[in-house]
Amino acid sequence: MDQSEQNVAAPAQLPKLAALQDAQPQDADSTPTGSPIFDAMGVSIYYGSFRAVTDVSLAIYENEITAFIGPSGCGKTTVLRTLNRLNDLIPEARVEGDVHYRGASLYGTGVSPIAVRRRIGMVFQKPNPFPKSVYDNVAYGPRINGIRNKAKLDEIVERSLRQAALWDEVKNRLNKSGLGLSGGQAQRLCIARTLAVEPDVVLMDEPASALDPIATGKIEDLMHEIKSQYTIVIVTHNMQQATRVSDRTAFYSVLVDSENDTRTGTLVEYGPTQQIFEDPKDSRTQAYVTGRMG
Amino acid sequence: MSTAAQADPAAPAGSAGPLAHRRPLGDRVFQILAASAGALVLVILALIAISTSQQASSWFSTEGWSIFSVDWNPATNSFGAMAFVYGTVVTAAIAIILSVPVSVGVALLLTEVVPRRWSRPIVTVIDLLAVVPSVVWGLWGILVFAPWLQHIYTSVGSAVNGIPVLGALFGPPVSGASFFTCGLILAFMITPIVTSLSREVIATVPAIDKEGAYALGATRLEMIRGAVWPHSQGGVVGAVMLGLGRAMGETIAAALVIGSSPVITSHLLAAGYSMPAVIANQFGEASGEFRAALIGLGVMLFVITIVVNLIARGVVERSARRQRGA
Amino acid sequence: MTAMEPPAVDLREPAGWRRSKNQIATTLMVLAFVIVLIPLGFVLFTVIAKGASAISWAFLTGGPIPPNVVPAGIGGMGPAVYGTLVITGLAAVMAVPLGVLGAIYINEYGGRGPLARVVRFMADVMTGVPSIVMGLFIFSIWVLHFGYSGLAGAFALACLMLPVVIRSSEEMLKLVPDPLREASYALGATKSRVTLTVVLPAAIGGIVSGALLAIARAAGETAPLLFTILTVTATNANVFSGANTALSTQIFANATQPFLGAQSRAWGSALTLIAIAFILMIVARIVTARFTRYSR
C-alpha cells in the first residue's frame, strides 16, 4: 500500500499547497441534516519541527457518521486525535489553526482537555479494557464524574451495556474481569465504557480492524443504532466499511517532499459518501477508491 | 568465519556420514564451563546453608528451643535471640513504612508526570543515593545524624510522655542511636531499590490503557488509579517486599546507629539491637558457644531473608498471572 | 449528572474537588522527590566537608595506619586504599567472568529447561542474601581452615557480586535479537562460536556497565570483610595470605572512636570510598551511552 502512494501524490513541494487547496471542495451537493458540531480551520499538526499534517479544514455535522479514509501514514488518526485533544499526551505535538466545537474553541486559553474529553469520547483500535471487572470498567467514567450512588451506577452500567449490544452476554458476569472477554466483546465493552459518560461525540479509531467479520458487523450495527443520539467520526482503512456506515467521507493522502524526505498528510477531498465513492472530484480520490492505489 | 567442518561438501546430500553427531571439543567444553558457572550458584547457596548451620550447631544443641528466648547474656552463657529478631523486624518495618510512600511517589513522578528530558537528573539522584556505601551512612549516622536527632527525640519524648499510645511508642527513654534512627537510615538506603523496581513495573503498563482512561476525561490521578495501579499493584508489592528483605539484612549502618542494647520494647526512640548488628559488633571477641550463637543468628537471618524473597516473587508471579486474564 | 446541556459549552476545568485532588497528588509526588534529596544532600555535604580536609596524597598512599589516638595528618590510609583496590579487583576477576558465563548458560544454553529455570531462580534468591551472611559463610568454610587473608575477603565479595552480574548480564543477552544468532548459525558456526563472536560483542556494553555497578557496590561493602580479612594497619602486599585491611572496615572501626584523629581519618576514607564508587558509576554510564547497542 505504501509504494503506490508515491504515484498518486505527485511529489509536491509544500509551497505548492495553495494550488492544491483549490481542489479541496467544501461541502458538496447534499445539505447536512444537522448543524456543524466541529469546525476545523487550517489545522496543521507538528511533532517538534516535523509537520505531520497540513492545513486541514472541514466541518463535522451533528448526528452524522463521518469517515476518515486514506492510505496509511496520511494523518487521519492524527486529525482524529486532535478533535479530543488526545495529541496533548505526546510531548512534542503542537497544533496550529483551530478547531471549534459547538462554536467554542477547543484550543483556546483556559480550555481544559479533561472537560473536552468528557464530551468527546474515543474508542481505540485495539480494545483496551481496564484490568477491572466488567462493571467497574463501565462505571469508571461516571465514578470519576462524581456519581457514587449504587443504584444510579447500576442503571448507567446496564443502559450503556445495552446500547453497546453487550448486556445479554455479560449480565451474569459483571464482576468478572474485563480482560477475559473475546476481542469483539472487549471492544463493545470499551464502547459501553465510552457511552457511559454520555458524551456528545464518539470518535472511533479503526475500531474493528482487530476483529473478525462477525464482530465487525456487530460494531457497525451498533453505530447505526446510536447515530441518532451521538455524532460519530470513524477512521477506517476499509473502504467498504466507509460506504456501509458513513454519511460523509473525508479522504486524506500524503504529500511527499522528496527534497527534505518528509511526508505530510493532507485532506484531499470531503463530501457525502456516495459522491466520494461514485463521483470523486479529485484524481487522487478516484485512484484510491477504485483501488488503483492502497 | 571458518569453523571445523561440520558438513563435508564432498559427501552426497542425504548421506549420514560426516554430518553425524560429532561436535567440536571446544564447543562442548564451553558448554560445560557455562553450565558449571550456572551450577555454581546452586553449589554456593547449598554450601552457605550447610557450613553456617554446622558452625552454629553447638548453639542449637546447647540452647535447644531457648534460642528463641529473650535472654541474651554472654557472661552467663545464655544466648536467646528474640531481642535481635524483634529489632530486625521493627527497624525493617519502620524503614518500609517511611520509604514506600516516597519510593512509589518518585516512581510515579518519573513515569507519569515528568517529561522525558527531566527524568535523567532525577534518576541520577536516585542512583547517587544508591551508591553511598552502608558504612558511610553508618559513619554519618552515628557522628552527625544521631546526635542531632537526640535533641528532637528528647523534645518529642517529653511531649508525648504519658499519652496512651504515643507515649508507649515515642516516649522516653530516648537515645540518638535507636530503633527509629536505624529504621530511618535503612529507609534512605532501600529507597533507591524500591523506586527503581517500582518504576520498572509501572513502566510496563500499556500506553493504550492510559490513553483509554484519559479519553474518558480522567485527570492524571484518576488515570493512575484506574489504569496504572491495577496493572502494577502486584509488582509494586513485590518490590516493597524485596526492599524489606534488604532492610532486614542491612548490617553496618544498623550496627553503628541502632544503640547496641538488646531489649524488646515498644519505645521506638530507645536503643535496641538487631541480628546483623550484633553479629558485626561482637564477632571479633566471640568464641566457642558465643561465636556459634552469632553464626546461628546469621543462619536465622539467611532463612528469614530467603523466605521474604520467595514470598515477594510469589506475589509478583501471581499478580502477573492474574493480569493476563482471569 | 446526566444529559449535557446544549450549546452553551463550558470547556473549563472540571469541578473543584477533582482538580484539587489531582494537584495535591502531583504536589505529593514532587515532595517525595524533595524528601529523597534531603538525606542525600546531607550525607554528601558532610562527607565532603569533613573528609576533604583529611585527603592528601600522603593520606591516600602513606602508611601505616596510625593508632586511633594519633591526630590527623600523621600517617595515612594507604594500606586501606591498597586493600580495597586489590581485594575488590580480585573479587571482580573472579565474579565477572563466572557471572557472564552463568548468564550465557541461562540465556543461550538453558532455554526453558529445568536446570536453567532453577539457576535463574536461585540467582535471584542469591541477590537477596545479606552481605553479612556471605562473610560468615566464607569464615566458616575458608578462614577457619586457612586463616584470614585478602583472598578470603575477595571470595566473600565475589559471592556477593556473582548473582548480580549474572542477572544483569542475562538481561543484556536477552536484548540481543535472535536474527543475529540465526544468521551466524546459518553460516555454520557452532553455538560457542556464535555466543563468543556475535552475541557477546553485541551485548558487551551493557554487560560491562552492569559489572562496573556491581564492582562499585562491592567496593563499599564492609560486613563480608569483617570476618575474612581482620583489620590491620600495615600494607599487606600479599593478598593471598595474612590479614589485610580495607577502607570500609577501617571506617567501621574508626566510627566508634572518640578520638578526633581517628574520626578525621574515617571521614577521609569515606570520601575516598564515595569517590571510587562515583567514578565507577560514571564510567558505567559512559559505557552505556557509547557502547551499548541494544537497550530497553
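Predicted model, so just to flag it, every value in this text is computed and none were measured.

Let us now look at the overall build of chain A. On a plain count of helices and strands, chain A comes out with twelve helices and ten strands. A total of 294 residues make up chain A; the buried ones form 57% of that total. Taking the contacts inside chain A whose residues are at least 6 apart along the sequence as the reference set, 71% of them involve residues at least 24 apart. As displayed, chain A has an accessible area near 11,700 Å², and 48% of this comes from carbon and sulfur atoms.

Let's shift gears to the packing of aromatic side chains. Applying the stated criterion to the full structure yields 27 aromatic pairs over all chains. Geometrically, the ring pair formed by B:Trp148 and C:Phe42 is tilted, given 6.4 Å between the ring centres and 50 degrees between the ring planes. In this pair, B:Trp148 is assigned in helix α4 (residues 134–160) and C:Phe42 in helix α1 (residues 16–52), connecting two distinct chains. Residue classification places C:Phe42 among the partly exposed positions, given a relative accessible area of 42%. Chaining the aromatic ring pairs together yields one cluster made of B:Trp137, B:Trp140, B:Phe145, B:Trp148, B:Phe188 and C:Phe42. Over the aromatic face of A:Phe130 sits the side chain of A:Arg193, whose NZ or CZ is 4.1 Å from the ring centroid. The cationic tip of C:Lys191 hangs over the ring face of C:Tyr109; the distance from NZ or CZ to the ring centre is 4.9 Å.

This part covers the nonpolar core. Counting 227 residues, the largest nonpolar core has A:Phe38, A:Leu58, A:Phe68, B:Trp137 and B:Leu297 as the members making the most contacts within it. Among the elements that make up this core, the one with the highest residue count is helix α3 (residues 78–110) of chain C (15 residues). Setting aside chain neighbours within four positions, we find B:Leu297 in contact with B:Trp59, B:Trp72, B:Ala81, B:Phe84, B:Met275, B:Val278 and B:Ile279. Among the nonpolar cores identified, the runner-up in size contains 46 residues, and A:Leu174, A:Ala192, A:Ala208 and A:Phe277 belong to it.

What follows is about a nonpolar patch on the surface. Nonpolar side chains collect at one region of the surface, where C:Ile24, C:Leu28, C:Val30, C:Leu31, C:Val34, C:Ile35, C:Ile38 and C:Phe42 lie side by side and expose about 700 Å² of accessible area between them. Residue C:Leu31 is classed as partly exposed on the basis of its relative accessible area of 44%.

Time to look at the interface of chain C and chain B. Facing the 82 residues of chain C at the interface are 82 residues of chain B. Here chain C meets chain B over a buried area of about 7,100 Å², counting both sides, of which 80% is carbon and sulfur. Counting the contacts that link chain C with chain B gives ten residue pairs in polar contact (both at pLDDT 80 or more). The dominant element in the side of chain C that touches chain B, judged by the number of residues it contributes, is α1(C), at 19 residues. Of the residues assigned to the side of chain C that touches chain B, the class counts are 55 nonpolar, 18 polar and nine charged.

To continue, consider α4(B). Residues that lie three or four places apart on an α-helix share one face, since the helix turns once every 3.6 residues. Residues and elements named next belong to chain B. For α4, with 27 residues, the first-to-last C-alpha span of 32 Å runs short of the 39 Å given by 1.5 Å per residue. Where α4 bends most, at Gly 141, the angle is about 50 degrees. Positioned one or two residues after α4, Gly 162 has a phi angle of 100 degrees, which is positive.

Tallying the contact residues gives 21 residues for chain B and 23 residues for chain A. Interface area for chain B against chain A, summed over the two sides, is near 1,900 Å², with a carbon-plus-sulfur share of 66%. On the surface where chain B and chain A come into contact, there are one salt bridge. Residue A:Arg81 pairs with B:Glu211 through a salt bridge whose shortest N-O separation is 3.0 Å. Linking chain B with chain A are three residue pairs in polar contact (both at pLDDT 80 or more), by the criterion used here. When contributions to the side of chain B that touches chain A are tallied by element, the ones reaching two or more residues are α7 (207–215) and α8 (220–249) of chain B. When its residues are assigned to classes, the side of chain B that touches chain A shows ten nonpolar, seven polar and four charged.

Now for the pairing of strand β3 (residues 65–69) of chain A. Two faces make up the sheet, and in a regular strand the side chains alternate between them. Residues and elements named next belong to chain A. Taken across its five residues, β3 has five buried, putting it largely inside the fold. Neither face of β3 is left uncovered, since the one carrying Ile 65, Ala 67 and Ile 69 and the one carrying Thr 66 and Phe 68 both have all their residues buried. The pairing of β3 with strand β8 (residues 231–235) spans four bridges and is parallel. Within β8, the residue paired with Ala 67 across the bridge is Ile 234. Inspection of the sheet shows β3 paired to strand β9 (residues 248–257) by four bridges, in the parallel sense. Each residue of the ladder has a partner; that of Thr 66, found in β9, is Arg 248.

The next thing to look at is the packing of helix α2 (residues 82–113) of chain B against α8(B). Residues and elements named next belong to chain B. Between α2 and α8, the least distance of the axes is 9 Å, while the angle of their chain directions is 145 degrees. By crossing handedness, the relation of α2 to α8 is classed as right-handed. Within the contact between the two elements, α2 uses Thr 88, Val 89, Ala 92, Ala 95, Ile 96, Val 100, Val 104, Leu 108, Glu 112 and Val 113 and α8 uses Arg 220, Met 223, Ile 224, Val 228, Val 236, Val 240, Gly 243, Leu 244, Ala 247 and Met 248. Grouping the amino acids of the contact of α2 with α8 by side-chain chemistry returns 16 nonpolar, two polar and two charged.

Reading the values: rules and limits
- Residues numbered from 1 in each chain as written.
- Chains lettered and ligands numbered in written order.
- Predicted model: local features only at pLDDT ≥ 70, side-chain atom pairs only at ≥ 80, totals over all residues.
- Heavy atoms only, no water.
- Helix = DSSP H or I, 4+ residues; strand = E, 2+ residues; numbered from the N terminus.
- Buried < 20%, exposed > 50% of the residue type's maximum accessible area, 1.4 Å probe, protein only.
- Contact = heavy atoms within 4.5 Å.
- Areas by Shrake-Rupley, 256 points an atom, 1.4 Å probe, with all protein chains shown as cover.
- Phe/Tyr/Trp six-rings, centres within 6.5 Å; stacked < 30°, edge-to-face > 60°.
- Lys NZ or Arg CZ within 6 Å of the ring centre and 35° of its normal.
- Core = buried A, V, L, I, M, F, W, Y, C linked by side-chain atoms within 4.5 Å.
- Patch = residues over 30% accessible without salt bridge, like charges linked within 9 Å, V, L, I, M, F, W, Y side chains within 5 Å.
- Salt bridge = Lys/Arg side-chain N within 4 Å of Asp/Glu carboxyl O.
- Buried area = accessible area lost by both parts, 1.4 Å probe.
- Polar contact = N/O pair within 3.5 Å; in protein donor to acceptor, adjacent residues only side chain to side chain.
- Nonpolar A, V, L, I, M, F, W, Y, C, P; charged D, E, K, R; others polar.
- Expected span 1.5 Å × (residues − 1).
- Bend = angle between axes of the 7 residues up to and from the residue.
- Pairing = 2+ DSSP bridges.
- Axes fitted to C-alpha atoms, helices over the stretch in contact; angles between N-to-C directions.
- Left-handed = near helix turned anticlockwise from the far one by under 90°.

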